[in-house]
Amino acid sequence: MDLFSQNSLPNILPFDGTVHYYGKIFSQEQSTDYFDKLFHHIEWRHDEAVLYGKHYVTKRKVAWYGDSPFEYRYSGTTKQALPWTPALKELKAIVEAKSGNIFNSCLLNLYHEGSEGMAWHSDGEKMLGDDPIVTSLTFGAERKFSFKHKTTKQTVSLILENGSLLVMREGSQKNWLHRLPPTKKVTRPRISLTFRRIIE
Ligand SMILES: O=C(O)CCC(=O)C(=O)O
Ligand SMILES: [Fe+2]
């Protein structure tokens, strides 16, 4: 059963946390199909942030979906979760079965090309609880993804392939940062689905 397959997966992190890379969990055809559905049917918006009173708009687009209209507050902005689309409901069930974890919301990212990425951060928002589990399901271009330990600064990187699943588990947000580095080599878009569990 899928639930137990994580026991045989190597831990991407050398210490202080667990990250499992499941590799491609979808065929090329399924991945293309999901990419197209998400690209066209998700309500993509440019991400906004307020830093030191200055208003920033990212090139990357985002969307926020969930079981109920959760409010997501970060970087000085508030977003309200939209109800799941049929494709997102399907993907949530598949990711839950694979990972053995239950999620109630998803932050989606659309990177149009390699120049768009995400800077070092951890998903440590209070509403996610003490030690959150966060996924990254990839459709489209494959991209490098990196982790950096908060105190030793040691880094680990891997490639997230089209149709692949990564699960950041215990310790991975508390003790490590992660980022999607920008690259000149990638010209095609990538969509990522970061399923999360909001503590109500
Ligand atoms: O695009 C990704 O794979 C990860 C994005 C991420 O770290 C986030 O949304 O918090
Ligand atoms: Fe993140």
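Residues numbered from 1 in each chain as written. Chains lettered and ligands numbered in written order. Predicted model: local features only at pLDDT ≥ 70, side-chain atom pairs only at ≥ 80, totals over all residues.

Core analysis: the largest hydrophobic core is formed by 37 residues, its most contacted members being Val 19, Cys 106 and Leu 108. Not counting residues up to four positions away in its chain, the partners in contact with Val 19 are Asn 11, Ile 12, Leu 13, Phe 147, Leu 166, Val 167, Met 168, Arg 169 and Ser 172. (Core = buried A, V, L, I, M, F, W, Y, C linked by C-beta atoms within 7 Å. Buried ≥ 20, exposed ≤ 12 C-beta atoms within 10 Å, placed from the backbone. Contact = placed C-beta atoms within 7 Å.)

Another point: helix H2 (residues 28-41). The terminal C-alpha atoms of H2 lie 20 Å apart, and with 14 residues this matches the ideal 20 Å at 1.5 Å per residue to within 8%. At its buried positions, H2 is contacted by helix H3 (86-99), strand E9 (134-140) and strand E14 (190-196). (Helix = DSSP H or I, 4+ residues; strand = E, 2+ residues; numbered from the N terminus. Expected span 1.5 Å × (residues − 1).)

Within this structure's numbering, the places UniProt gives as "domain: Fe2OG dioxygenase" (unreviewed entry) are residues 102-199. Along residues 102-199 the backbone is 0% helical and 49% strand, and the end-to-end C-alpha distance reaches 12 Å. (UniProt positions renumbered as here; feature names shortened; annotations may be inferred.)

Here we come to the site of ligand 1. As a matter of local geometry, ligand 1 sits amid Leu 107, Asn 109, Met 118, Asp 123, Ser 136, Phe 145, His 178, Leu 180, Ser 192 and Thr 194. Every element with two or more residues in the shell around ligand 1 is listed here: strand E7 (105-111), strand E13 (176-180) and E14. In terms of residue class, the shell around ligand 1 is built from four nonpolar, five polar and one charged. (Near = placed C-beta within 6 Å. Nonpolar A, V, L, I, M, F, W, Y, C, P; charged D, E, K, R; others polar.)

This paragraph deals with the sheet that holds strand E11 (residues 155-160). Pairing is antiparallel across the open sheet formed by four strands, whose spatial order is E8-E13-E10-E11. The two strands at the open ends of the sheet, each matched to only one other strand, are strand E8 (118-121) and E11. Across the sheet, the axes of successive neighbouring strands diverge by a mean angle of 15 degrees, strand direction being ignored. Inspection of the sheet shows E8 paired to E13 by two bridges, in the antiparallel sense. In the strand pairing of E13, His 121 is matched with His 178. (Pairing = 2+ DSSP bridges. Axes fitted to C-alpha atoms, helices over the stretch in contact; angles between N-to-C directions.)

Its location among the elements puts Tyr 22 in strand E1 (residues 19-24). Expressed as a C-alpha distance, the spacing of Tyr 22 and Ser 164, which sit 142 residues apart in the sequence, is 6.7 Å. If sequence neighbours within four positions are ignored, Tyr 22 has contacts with Leu 9, Lys 98, Ser 164 and Leu 165.

Let us now look at the environment of Lys 148. One can find Lys 148 in strand E10 (residues 143-149). Overall, Lys 148 belongs to the partly exposed group, with 16 C-beta atoms counted inside 10 Å. Between the C-alpha atom of Lys 148 and that of His 121, which follows or precedes it by 27 residues, the distance is 9.4 Å. Setting aside residues no more than four positions away along its own chain, Lys 148 makes contact with Trp 120, Lys 153, Thr 155, Trp 176 and Leu 177.

The end-to-end C-alpha distance of H3, which contains 14 residues, comes to 20 Å, matching closely the 20 Å that a straight helix rising 1.5 Å per residue would cover. Residues of H3 that are buried in the fold lie against H2, strand E3 (54-66), E7, E9, strand E12 (164-168) and E14. Immediately beyond the C-terminal end of H3, within one or two residues, lies Gly 100, with a positive phi of roughly 80 degrees.

Across the seven residues that make up E7, a large majority, seven, are buried. Burial along E7 is two-sided: Ser 105, Leu 107, Asn 109 and Tyr 111 and Cys 106, Leu 108 and Leu 110, pointing in opposite directions, are all buried. Judged from the six bridges that link them, E3 and E7 form a sheet pairing that is antiparallel. The residue of E7 that forms the bridge with Ala 63 is Leu 108. Here seven bridges tie E7 to E14, and the two strands are oriented antiparallel to one another. By the bridge assignment for E14, Tyr 111 is matched with Arg 190.

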